[in-house]
Amino acid sequence: MTKNIDPVLLGGFAGEVRGYLPKIRRGLSVALDEPDRLDVLEEVHRLFHSVKGASSMIGLAPLSRIAYYAEETIEQIGAGQLPFDRPTFDALDGAASLVGQFIDELLEDRLDARPLLARAVFAFRRLRGLPEAGDEAEIARYVPPAPEEEAPPQEAPELAPPDTEDIWPPEPDDLPAPDLGDMADDASWPSPPATESFDDEISRELVAGFRLEAQDHLATMGAQLRAMARHPSDRSALLPIRHSAHTLKGAASLVGFTKLGRLAHRMEDLLDVVDATASGDALSEHLDLLFATTDLMSDLAGEPIDSTSLDPRIAELEPRYDAILAPHGAEPAVDLDQPLPDLSALATLEPSEPATTSASPSSPMVRIPLERLDELVRLVGELVVQRSTFEQHQQRFTHEVDELRLSLARLGRLAHRFETEYEVLALASGSTGSDSAGEGFDELELDRYTELHLLSREVAETNSDITAVTTELGLSVGDFDGYLTRVGRLTSEVQDKLMRLRMVPVSSLANRLHRAVRVPATEQGKQVDLTIEGESIELDKTVLETIADPLVHLLRNAVAHGIEPPELRRALGKSEHGRVWLRAFNEGTQVVLEVGDDGAGLDLERTRSMAIEGGHISVEDAETMTDLETRDLLFLPGLSTATDVSEIAGRGVGLDIVKSNVEGLKGTLDVHSEPGAGVTFTIRLPMTLAIARVLLVEARRQTFAVPLAAVHQILRIEDEDLQELGSERVLRLDGKPVPATDLGASLGLQASTDAPSRRRPVIVLRQGG
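Keep in mind that this is a model prediction, so the values were computed, not measured.

Now, about the packing of aromatic side chains: what can you tell me, with residues and values included?
Across all of its chains, the model carries three aromatic pairs by this definition. With centroids separated by 5.8 Å and ring planes inclined at 25°, the aromatic side chains of Tyr69 and Phe124 adopt a geometry described as stacked. In this pair, Tyr69 sits in helix α3 (residues 61-78) while Phe124 sits in helix α5 (residues 113-127), placing the two residues 55 residues apart along the sequence. A residue is classified by how much of its surface remains accessible, and Tyr69, at 7% relative accessible area, is buried. Arranged with centres 5.1 Å apart and planes meeting at 40°, the rings of Phe210 and Phe257 form a pair that is tilted. Residue Phe210 is found in helix α8 (residues 201-230), and its partner Phe257 is found in the loop between α9 (238-255) and α10 (258-277); the two are separated by 47 residues along the sequence. Each of the two residues, Phe210 as well as Phe257, counts as buried. Taken together, the ring pairs connect Tyr68, Tyr69 and Phe124 into an aromatic cluster.

Describe in detail helix α4 (residues 86-107), supporting the description with residues and values.
Between its terminal C-alpha atoms α4 stretches 32 Å, which fits the 32 Å expected from 22 residues at 1.5 Å a residue. Directly after α4, the chain includes Asp109, whose backbone phi takes a positive value near 55°.

Account for the packing of α4 against α5, with residues named and values stated.
α5 packs onto α4 with a crossing angle of 170° between their chain directions and a minimal axis gap of 10 Å. Taken together, the axes of α4 and α5 are roughly antiparallel relative to one another. Between α4 and α5, the residues in contact are Pro87, Thr88, Ala91, Leu92, Ala95, Leu98, Gln101, Phe102 and Glu105 and Ala113, Leu116, Arg119, Ala120, Phe124 and Leu127, respectively. A class-by-class count of the residues in the contact of α4 with α5 yields 11 nonpolar, two polar and two charged.

Residues and numbers for the sheet that holds strand β13 (residues 736-739), please.
Think of a sheet as strands paired side by side through backbone hydrogen bonds, with each pair either parallel or antiparallel. Taken in spatial order, the three strands line up as β11-β12-β13 in an open sheet, and their pairing is antiparallel. Both outer strands of the open sheet, β11 (722-725) and β13, are each paired with one neighbouring strand and no more. Each strand of the sheet is rotated relative to its neighbour by a mean of 50°, with strand direction disregarded. For β11 and strand β12 (residues 728-733), the ladder comprises four bridges, and the chain directions are antiparallel. Along β12, the bridge assignment pairs Leu725 with Glu728.

Explain the pattern of salt bridges to me, and be specific about the residues and the numbers.
Per the stated rule, a full pass over the model turns up 39 salt bridges. We note a salt bridge from Asp135 to Arg125, for which the minimum N-O separation is 2.6 Å. One end of the pair, Asp135, is in helix α6 (residues 135-140); the other, Arg125, is in helix α5, with 10 residues separating them in the sequence. Asp135 sits in the buried class, given a relative accessible area of 8%. The exposure class of Arg125 is buried, given its relative accessible area of 16%.

Just give me the short version of the side chain of Gln590, but keep the residues and values in it.
Position of Gln590 relative to the elements: it lies in strand β5 (residues 590-597). Residues contacting Gln590, with those up to four places away along its chain left out, are Phe585, Arg684, Leu685, Met687 and Ala709.

Criteria and cut-off values
Residues numbered from 1 in each chain as written. Predicted model: local features only at pLDDT ≥ 70, side-chain atom pairs only at ≥ 80, totals over all residues. Heavy atoms only, no water. Phe/Tyr/Trp six-rings, centres within 6.5 Å; stacked < 30°, edge-to-face > 60°. Helix = DSSP H or I, 4+ residues; strand = E, 2+ residues; numbered from the N terminus. Buried < 20%, exposed > 50% of the residue type's maximum accessible area, 1.4 Å probe, protein only. Expected span 1.5 Å × (residues − 1). Axes fitted to C-alpha atoms, helices over the stretch in contact; angles between N-to-C directions. Parallel < 35°, antiparallel > 145°, perpendicular 65-115°, else oblique. Contact = heavy atoms within 4.5 Å. Nonpolar A, V, L, I, M, F, W, Y, C, P; charged D, E, K, R; others polar. Pairing = 2+ DSSP bridges. Salt bridge = Lys/Arg side-chain N within 4 Å of Asp/Glu carboxyl O.

See below:
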C-alpha cells in the first residue's frame, strides 16, 4: 500500500492526521454535552474534510472513504436529517478510532484496509437505516476482495493457453504509458469487474482509463452506424467504425476484457466483408447485427458487472457472425474466455477525439475526477461570497466618504462665516478707535485681535486640508469601484468557465437513447425513427447522468404506448414509420428537454378508468376532473394504461419515478397531448446543481434568496392594483389574475415598524406551468 507513496510525504501526512484526532474527539464530546455548540461540530467537520482530501490526494481511497462517511454524517446533522445522539456520537467517534488505527497499521506496514472500511460501512449504513445486503458492494468499490488462493497441483498439469486474468498484472516496465491523468488519486473511479482480479494500483488505473476511452470509441461507432443507416450508399463511415473496433480489440485484451475484445474482433471482420462487397444492400442487412454488437460492448465496458450475465446475449450473436463470415474464410468463433491472438493495437490506447468536443482534434486532453472540480467550484463560490462582502464594505466606505463631504461643507460654511464676522468685527473695532480723540489701540484689544486673526486663519487652513483629503478619497473611491467591477467580472468569468468543465453535451447520451427506441421497436414489430435536436446543448455531468434513465423510460414509453403498429398507421393515413424525438434547448438559466411522439396521444377516458380501478380516485372525482388534472394521474405510483404487460411497459412503474427524479434535480415535468397527434413531455432542469443563481430579496428586515430560474417578472405596484377575488388577493397580469401574497406574512415573520412603501416591490414567480 505504501510502496508508491513518498516516505517524507507519508510521514508528514501521518503526523498531520494524528494531530487532528484529539481535536476531533474533544469536539465530539463537547458537542454531545452542549447540543447548542454548532461551532464545535463545524470544526470537527472541517478536520474530517481535511483527512478525506489529504487521503485521496496520496491515493489512500479506503481512508478517504471513512472520513467521507463522518463528514457526510455531520452535514446531515446540520441539515436536521440526523439527530446528534449517543448512536451518532459512537459512529463518529468510532470513525476517528478507525482513522488512527489505519494510520498506525499503515506506518507499520501491516495495513489490511478491508476490515477497517467494513467496520465504517457497517456503522454508518446502520445509522442511516440501510440494509446490510448492500455493505459488501460498498466495500468492494474501494477494496476489491482478494482472489481465492488456489491449492497447489498434485501433479504437473497439461499446459493450456494462459488466460489474461491469470497473468495480470504484467510487470510495470512492460506496460504502455497511456495518458490517464491523475485518476488513481480519486476514490470515485469505477472498480474493475467482479470477475476480474486486479492486484495493484496500476491495473485499476488502466481499467478506469479503458472504460473512459471505450465510451468515446463506442459513441463514435454508434453515431457512424446511424449515419450509415440513413445513407447506406455513403461508405465514408466504415473507416472510423473499423478503426474504433480495432482499437477496442487490442485495448480490451490488454486490460482483461476478453469478451469485449472478441466481439470487437468479430465486428472488425464483418466490416472487412462489408467493405469488400462494396454493396449498400450488404451493409443494410448487417446493420441490426452491428447495432446489437455495439450495444453489448457498451454493457461490457460499463459499470462493473459479472460478465457471465451477458453470456446468453453473446451466445446469440456468435452463430450470426459465423454464418456471415464463414463463406468469406474468416475464422470461426472461439472460446471468448481465451485472450485474443492479435494484440497489435496495444499501442493505440491513447486519448482519442471525443464524439463531440469544442477542442480541436490536436488539442491535448486531460481527464480529472469530478470531485476535484467540485472542490474548485466550492472555492470559487467562496470567492464570490467574499467579493459580495467586499462590495458591502465598499458601499459603507462610499457612504462614509459622502458623509465626510457633508461635514466638509458644514465646516466650509462655518469657516466662511467665521472669517466674515471677524472682518466685520475688525472694521467695527477700527471705526470705534478712530472716533476716540487721539486714543490708539489698547494693549488688550491688540492681543484679542491677534488671537482671533490666528484662529480664523487656522480654521480656513483646516478647511482647505480636509477639502484636499476629501478630493483624494473621492478619487480613491472611484478607482476602488473600478477595480471591484473588474474583479467581479473576472470572478464571474472564472466561475462560468469552471462550470463549463463540468458540462457534457446531450450527444453523449445519443447511443443509449437510440438503443432505447431501436430495441423495443424491433421487439414489437414497429418502425420508429428517433430524432435528437440540440445535441450540442450542455448539462452538468451529474444532472445529465441522473436524467438519463428518465429519458430512456419516456422514449421506451413512446414506442410502447404511443406509436401505433404499421398497419394501423396506414389505416389512419399516417406514415408507417413512427416519429419519436428529443429536443433540447436553453431557456434562461434552464435547459428544456422535450420528449414527444406522433402516435395516438393520451386516452384520458382510459386514464380515468384505470385510476378508478386502482383506487386512486372516486367515480365522483373522475366526473369533475379537467384534462389537466387527468394528465397528472399518469404520475401516480402503480397506474398504467397499457393493455398488456411486457418487458417494456404495463407494470405501472415508471412515470412516478421519472417525476421524482426530475423534482430531485429541482426541475419540473409537464405533459401535453393531442388525440391522434401524440404526446409531448417537457422537462425543465437547471444547467447545474453545483451553483444556484438567485435573486436576493428583503422582507421585514430579513434577506431571502429566490431561484432566478423561477423569477418571471419584477415590478412595483400601488395598493389599488391588488384586488379581492373571493378569499384571495390577486394581481392582474396581462389580463389574468395571479394569486398575490405577502412574503413576510407567509413566513410568519414579525411585522416591521417601518412605514410601508407607497409602491410595493413585487416578484412574479413561475414554476412549471
